[in-house]
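Notes for the structure review
Letter by letter, the chains look like this.
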Amino acid sequence: MNKRTRIELQLTQTDKILEIFGWISVFGIWTLTLTNYFELPEIIPTHYNGTGEADGFGNKSNIFALPIISTILFIGLTILNKNSHVFNYPSEITEENDLHQYTNATRMMRVLKLVIVLIFGLIVFRTIQNVNGNADGLGNWFLPLTMALIFIPMIYFLINANRKKKTTE
């Protein structure tokens, strides 16, 4: 970390939109959970295997784990994102590249925060559909979709970080 410079990053329009959609998603997962909680049966799916089939069941109060965890992750990553100088980077941070690297890394974190909440919200939604008889598990598409939603942005932002590295060398 070698005493990296600390920069107060200005949010771009894209950053503001990602933050707004993230907070809307956090409130959305809570709304979805709370509005459907009392209609849930006492026993609901609490775990799904790799093919999206329910393989664990428990009390309906377990559904609150998803909005609680996603909210804690979202807020924690929001706080961490204010300290981009402590992140790990694929190249040395210099005065020439610090603004680009910090902006790129914080935007990646914003995208991943949104993705996390959307994935957790999708699990809540599909669980509610399951217990209402409108779905059978998460679907075999869920795991590939989740992996794509996580890894495609990460790869994009890592390529973007390395692209700038090559232009400054």
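All of the points below concern the structure found in this document. (Residues numbered from 1 in each chain as written. Predicted model: local features only at pLDDT ≥ 70, side-chain atom pairs only at ≥ 80, totals over all residues. Heavy atoms only, no water.)

Things to note about the pattern of salt bridges
For clarity, the cut-off: Salt bridge criterion: a side-chain nitrogen from Lys or Arg within 4 Å of a carboxyl oxygen from Asp or Glu. Under the DSSP-based scheme used, a helix requires at least four consecutive residues in state H or I and a strand at least two consecutive residues in state E, with every element numbered from the N terminus. A simple rule labels every residue: compare its accessible area, found with a 1.4 Å probe on the protein chains alone, to the largest value its type can have, and call it buried under 20%, exposed over 50%, or partly exposed in between.
The tally for this structure, following the rule as stated, stands at five salt bridges. Of the charged contacts in the structure, one is a salt bridge between Glu19 and Lys113, with a shortest N-O distance of 2.9 Å. Residue Glu19 is found in helix H1 (residues 13–37), and its partner Lys113 is found in helix H3 (residues 98–131); the two are separated by 94 residues along the sequence. On the accessibility criterion, Glu19 (13% relative accessible area) is buried. For Lys113, a relative accessible area of 1% gives the class buried. A salt bridge links Lys60 to Glu42; its shortest N-O distance comes to 3.7 Å. Pair noted here: Lys60 is in the loop between strand E2 (54–59) and helix H2 (65–80) and Glu42 is in the loop between H1 and strand E1 (43–48), with a separation of 18 residues, a long-range link. One network of salt bridges, with partners in common, ties together Asp15, Glu19, Arg107, Arg110 and Lys113.

Brief notes about the packing of H1 against H2
Operational definition: All axes are obtained by fitting lines to C-alpha atoms, using only the stretch in contact for helices, and the reported angles, taken between N-to-C directions, cover 0 to 180 degrees. For classification purposes, an angle smaller than 35 degrees is called roughly parallel, one larger than 145 roughly antiparallel, one from 65 to 115 roughly perpendicular, and anything else oblique. Crossing chirality is assigned from the near helix's rotation relative to the far helix, an anticlockwise turn below a right angle marking it left-handed and a clockwise turn marking it right-handed. When checking whether two residues touch, look at their non-hydrogen atoms; a contact exists if any pair is within 4.5 Å. Only Asp, Glu, Lys and Arg are considered charged in this grouping, and only Ala, Val, Leu, Ile, Met, Phe, Trp, Tyr, Cys and Pro are considered nonpolar; every other residue, Gly among them, is considered polar.
Packing of H1 against H2 brings their axes to within 9 Å, and their N-to-C directions diverge by 160°. Classed by the angle they form, the pair H1 and H2 counts as roughly antiparallel. In this structure, the crossing between H1 and H2 has a hand that is left-handed. In this structure, H1 uses Glu19, Gly22, Trp23, Val26, Ile29, Trp30 and Thr33 to contact H2, whose residues at the interface are Leu66, Pro67, Ile68, Ser70, Thr71, Phe74, Ile75 and Thr78. Taken together, the residues of the contact of H1 with H2 sort by class into nine nonpolar, five polar and one charged.

A look at the side chain of Arg126
Selection criterion: Asp and Glu count as negative and Lys and Arg as positive, but His and the ends of the chain are not part of the count.
Structurally, the position occupied by Arg126 is in helix H3. Despite being buried, Arg126 has no salt bridge partner; Asp136 is the closest side chain of opposite charge, sitting 7.9 Å away.

With respect to the packing of aromatic side chains
Selection rule: For Phe, Tyr and Trp, rings pair up if their centres lie within 6.5 Å, where Trp contributes its six-membered ring, and each pair is then called stacked (planes under 30 degrees apart), edge-to-face (over 60) or tilted (otherwise).
Evaluated as defined, the whole model comprises nine aromatic pairs. Ring geometry for Trp23 against Phe74: centres 4.8 Å apart, planes inclined by 75°, an arrangement best described as edge-to-face. Taken as a pair, Trp23 in helix H1 and Phe74 in helix H2 lie far apart in primary sequence, 51 residues in all. With a centroid separation of 6.3 Å and an interplanar angle of 25°, the aromatic rings of Phe87 and Tyr89 are classed as stacked. Residue class for Phe87 comes out buried when judged on its relative accessible area of 11%. By relative accessible area, Tyr89 is classed as buried at 13%.

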